[in-house]
Amino acid sequence: MAAADGTLLHFSEPQAAAPRTLSKPRRARERRQAEATKRKYQASSEAPPAKRRSKTSFLPAKKTAKEAQRTFKGKPQKTFSPKKSSAGTSDRNQEQKPCVKTSSLFKNNPEIPELHRPVVKQVQEKVFTSDAFHELDLHPHLISTINTVLKMSSMTSIQKQSIPVLLEGRDALVRSQTGSGKTLAYCIPVVQSLQAVKAKIQRSDGPYALVLVPTRELALQSFDTVQKLLKPFTWIVPGVLMGGEKRKSEKARLRKGINILISTPGRLVDHIKSTGNLHFSRVRWLILDEADRILDLGFEKDITVILNAVNAECQSRQTVLLSATLTEGVTRLAGISLHNPVSISVLDESHDQSNPKGKAVLEVSPPRTSDELDSFAIPESLDQHVTLVPSKLRLVSLAAFILQKCKFEKDQKMIVFFSSCELVEFHYNLFLQTLLSSSGAPAPGQLPSASTRLKFLRLHGNMEQEERTAVFQEFSHSKTGVLLCTDVAARGLDLPQVKWIVQYNAPSSPAEYIHRIGRTARIGCHGSSLLILAPSEAEYVNSLASHKINVSEIKMEDILSVLTRDDCFKGRRWGSQKSRAVGPQEIRERATVLQTVFEDYVHSNERRVSGAKKALQSFIRAYAAYPRELKHVFHVRSLHLGHVAKSFGLRDAPRNLSVSAVTKRKANLKRQPWVTLTWDGQWAGESEEENTEIERD
Ligand SMILES: Nc1ncnc2c1ncn2[C@@H]1O[C@H](COP(=O)(O)OP(=O)(O)OP(=O)(O)O)[C@@H](O)[C@H]1O
């Protein structure tokens, strides 16, 4: 189909339905749903086609499409029918085929609403105190290890409050902002108390302390800290158990004895069930780091097994729960028993008028108001941003933002969060093949002169453990790089010098938002975050504000404008007119060139097309799984599949895309399909159930 301006529109607006055989009631239901959807589109901001009423809006330009016929090299391209594009040909043949024109990125987009975000006062905490570790009653060797090995002298606020209380033997709920030093707040008391045990601890005694963390990388990180603190106390043996490692060697280490045992819940359950020699009779400490995550539905079964096993052998122990987003509700949910627990948190004077010096607050429960419990502290040095981007422009906007920060600015380290492993894989391969430079001739769809400064890494739960660990170490030690990841990297990881956090898919709860952005601006450093939302999702900003989270807007045009600094995206017309002023028209054209690069890559062979479809499917599945309280913002029926497909480099909306998301029902924990959707120009399918949650990693 040809547009008025000559662009070939392979990618479709709602199309004629493919023939289907349906039962009468199903047909009637679909008709009702189709009508409802139509009404919704008419009312929603995804309604086609409306221009943005912004001063700097990109005006529709007739010549844009012609420019889009060129590759990034500026050479004219022939076109071919997409029907011939892939079936039955080898990768090499496909890669030699000419490219198809890109349909207009800037037409038929929903209007971008003005963002009237309420300005709220964020909860803030004071990170550091002027008090030194040697003021605490700790073993002198422990103090000198903290000073010389960890190179720390003064305590953070949460450490100052927690360490003495934990040394008194109290159960505790410890809550303070991300990157404020909670790991040492529990590690120091554990080491201090165990080194003082009178009949010296023997390795063969087995665990005295059990530390549970939600991910393998966090297990490694916590193990590393404990190991450093134990340097002077060589008779106490730390150990880590985590999925992906060889069970046999873990069993052998358990047999020899581990005194401070750090583990992910799943792996510990494995060993409880299969390793005969794992005993908990000497356990004195049970620590749940990222406790709200560990006690939520995803880990519930495992935690029950662990608690039963520990309770069966040891009657009294000290339990400590820690998280930046800890609420007392989690303890009720999980049925974990705490004995007269103390709540430890750090609040700034702006939040608590009765506490003018911003001192930490110690409370014996019941603690704060529900409003306060719903609002989590955010590091003061963290600048949070949001940008509203129509679906079709999401991919080029993300790429432009990465280029802006990591190619044109020095020493930038960035983490980009996606909602599924498939999405990470897809974007990782795409960016690696298109945005990175290569020596020699560029591959089809590859930019010839992209900077070597760019480095992409990826981390998600479907990777082999060896590679996961290698990536974690590499990104940890690197000064630059872009880490594409799932929420597997959202909690607890302390990755130094990360400057930017990008959330390409919005998180499913304010707590996850806090943890994701908390990978930057740690321990007083400066950092920034960007949340990318579709126009129909603008309401999410209010949802964040209701949790006292403040974001400021960056305009999409400002993100895309970086492309004018990059000659890789030059159209032919602009190439010969160097002195020409940069305007919205040039930005549009360059964005179109970049989108063409992506589409050429995706359509260069059948395998890549199917990878893109798989990623799209996974995106929709994750979208369908937002919790009930966010359904008014993220509803799968407000997605325009054709537009979303474009952000996967697909020229056409896949027909009859069927998405089955899974849910765990609270009552019986059985996973059941809850929504099956098909797209025939409009969404049709089963209606959803409540309380849905998807396995994200
Ligand atoms: N007293 C201190 N002085 C200087 N640096 C510290 C101190 N305590 C901890 N740190 C450093 O601060 C960083 C963040 O600490 P940590 O990872 O324990 O934070 P956290 O509160 O657990 O964060 P999250 O909530 O994200 O898990 C680490 O690099 C740690 O080494």
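Reading the values: the criteria
Residues numbered from 1 in each chain as written. Predicted model: local features only at pLDDT ≥ 70, side-chain atom pairs only at ≥ 80, totals over all residues. Heavy atoms only, no water. UniProt positions renumbered as here; feature names shortened; annotations may be inferred. Near = heavy atom within 4 Å. Polar contact = N/O pair within 3.5 Å; in protein donor to acceptor, adjacent residues only side chain to side chain. Areas by Shrake-Rupley, 256 points an atom, 1.4 Å probe, with all protein chains shown as cover. Helix = DSSP H or I, 4+ residues; strand = E, 2+ residues; numbered from the N terminus. Nonpolar A, V, L, I, M, F, W, Y, C, P; charged D, E, K, R; others polar. Domains from an automatic or database assignment. Core = buried A, V, L, I, M, F, W, Y, C linked by side-chain atoms within 4.5 Å. Buried < 20%, exposed > 50% of the residue type's maximum accessible area, 1.4 Å probe, protein only. Contact = heavy atoms within 4.5 Å. Expected span 1.5 Å × (residues − 1). Arc of directions from axis to C-beta. Buried area = accessible area lost by both parts, 1.4 Å probe. Salt bridge = Lys/Arg side-chain N within 4 Å of Asp/Glu carboxyl O. Phe/Tyr/Trp six-rings, centres within 6.5 Å; stacked < 30°, edge-to-face > 60°. Lys NZ or Arg CZ within 6 Å of the ring centre and 35° of its normal. Axes fitted to C-alpha atoms, helices over the stretch in contact; angles between N-to-C directions. Parallel < 35°, antiparallel > 145°, perpendicular 65-115°, else oblique. Left-handed = near helix turned anticlockwise from the far one by under 90°.

Per an unreviewed UniProt entry, the protein carries the name ATP-dependent RNA helicase and comes from Equus caballus. Listed under Catalytic activity (unreviewed entry) in UniProt, the entry text for the protein is "ATP + H2O = ADP + phosphate + H(+)".

**Observations concerning the site of the ligand**
Not every one of the 21 residues close to the ligand is listed here, only the nearest: Q159, G179, K182, T183 and D494. S154 places a polar main-chain atom, nitrogen or oxygen, 2.9 Å from a nitrogen atom of the ligand. In this structure, S180 approaches the ligand through a main-chain N or O atom, which is 3.0 Å from an oxygen atom. Contact with the protein chains covers 86% of the free accessible surface of the ligand, which is 640 Å². Of all the secondary structure elements, the ones that give two or more residues to the shell around the ligand are β2 (154-156) and α6 (182-195). A class-by-class count of the residues in the shell around the ligand yields 6 nonpolar, 10 polar and 5 charged. When we break the shell around the ligand down by domain, the ones giving at least three residues each are domain 1 (124-349) and domain 2 (381-437 + 453-568 + 583-647).

**Quick notes on the nonpolar core**
Grouped together as the largest cluster of nonpolar side chains are 89 residues, with contacts concentrated most on V416, F431, F456 and F648. For this core, the element with the highest residue contribution is helix α14 (residues 394-406), accounting for 9 residues. In this structure, F431 is in contact with L395, L398, A399, I402, L436, F456, L484 and F598, ignoring residues within four places of it in sequence.

**Description of the environment of M463**
Structurally, M463 can be placed in the loop between β13 (456-459) and α16 (465-477). The spatial distance from the C-alpha of M463 to the C-alpha of A538 is 33 Å, given a sequence separation of 75 residues. Among all residues touching M463, those that are not within four sequence positions of it are R458, R468 and V471.

**Considerations on the pairing of strand β9 (residues 342-346)**
The element β9 is extensively covered by neighbouring structure, given that 5 of its 5 residues are classed as buried. Where burial is concerned, the two faces of β9 agree: the one with V342, I344 and V346 and the one with S343 and S345 are both buried.

**Here's the deal with α16**
In this model α16 runs 18 Å from its N-terminal to its C-terminal C-alpha over 13 residues, within 8% of the 18 Å that 1.5 Å per residue would give. Q465, R468, T469, V471, F472, F475 and S476 are the residues of α16 that are buried. What you see down the axis of α16 is that its buried residues fit within an arc of 160 degrees, all on one side. With respect to the buried face of α16, the exposed residues turned more than 90 degrees away are E466 and H477.

**A few points about the domain arrangement of the protein**
The domains assigned to the protein are domain 1 (124-349) and domain 2 (381-437 + 453-568 + 583-647). The C-alpha centroid of domain 2 is placed 33 Å from the C-alpha centroid of domain 1. The partner domain 2 presents 17 residues to the 23 residues of domain 1 that form the contact. Broken down residue by residue, the surface that domain 1 buries against domain 2 is led by T178, E217 and Q221, which jointly contribute 35%. Here domain 1 is connected to domain 2 by 3 salt bridges. In this structure, the connection of domain 1 to domain 2 is made through 9 residue pairs in polar contact (both at pLDDT 80 or more). The greatest single-element share of the side of domain 1 that touches domain 2, amounting to 5 residues, is contributed by helix α7 (residues 216-229). Partitioning the side of domain 1 that touches domain 2 into residue classes produces 7 nonpolar, 10 polar and 6 charged.

**A few points about the packing of aromatic side chains**
Tallied over the full model, the rule gives 12 aromatic pairs. With centroids separated by 6.0 Å and ring planes inclined at 55 degrees, the aromatic side chains of F431 and F598 adopt a geometry described as tilted. Of this pair, F431 sits in helix α15 (residues 421-434) while F598 sits in helix α21 (residues 584-602), placing them 167 residues apart in sequence. Taking relative accessible area as the criterion, F598 reaches 0% and is therefore assigned buried. Linked through ring pairs, F426, Y540, F619, Y623, Y626, F634 and F648 together constitute an aromatic cluster. K200 extends its terminal NZ or CZ atom over the ring of W235, reaching a point 4.0 Å from the ring centre. We note K413 situated over the ring of F475; from NZ or CZ to the ring centre the distance is 4.9 Å.

**As for the pattern of salt bridges**
Throughout the structure, instances matching the rule amount to 21 salt bridges. Sharing partners across several salt bridges, the network here consists of E290, D292, R491 and E512.

**Brief notes about the packing of helix α5 (residues 157-167) against α6**
Angle between the axes and distance between the axes are the two parameters that describe a pair of packed helices. Where α5 contacts α6, the axes come no closer than 9 Å and their chain directions differ by 30 degrees. When the axes of α5 and α6 are compared, the pair comes out roughly parallel. For the pair α5 and α6, the sense of crossing is right-handed. Each of I158, Q159, S162, I163, L166 and L167 in α5 lies in contact with α6, whose residues at this interface are K182, L184, A185, Y186, I188, P189 and Q192. Broken down by class, the residue content of the contact of α5 with α6 amounts to 9 nonpolar, 3 polar and 1 charged.

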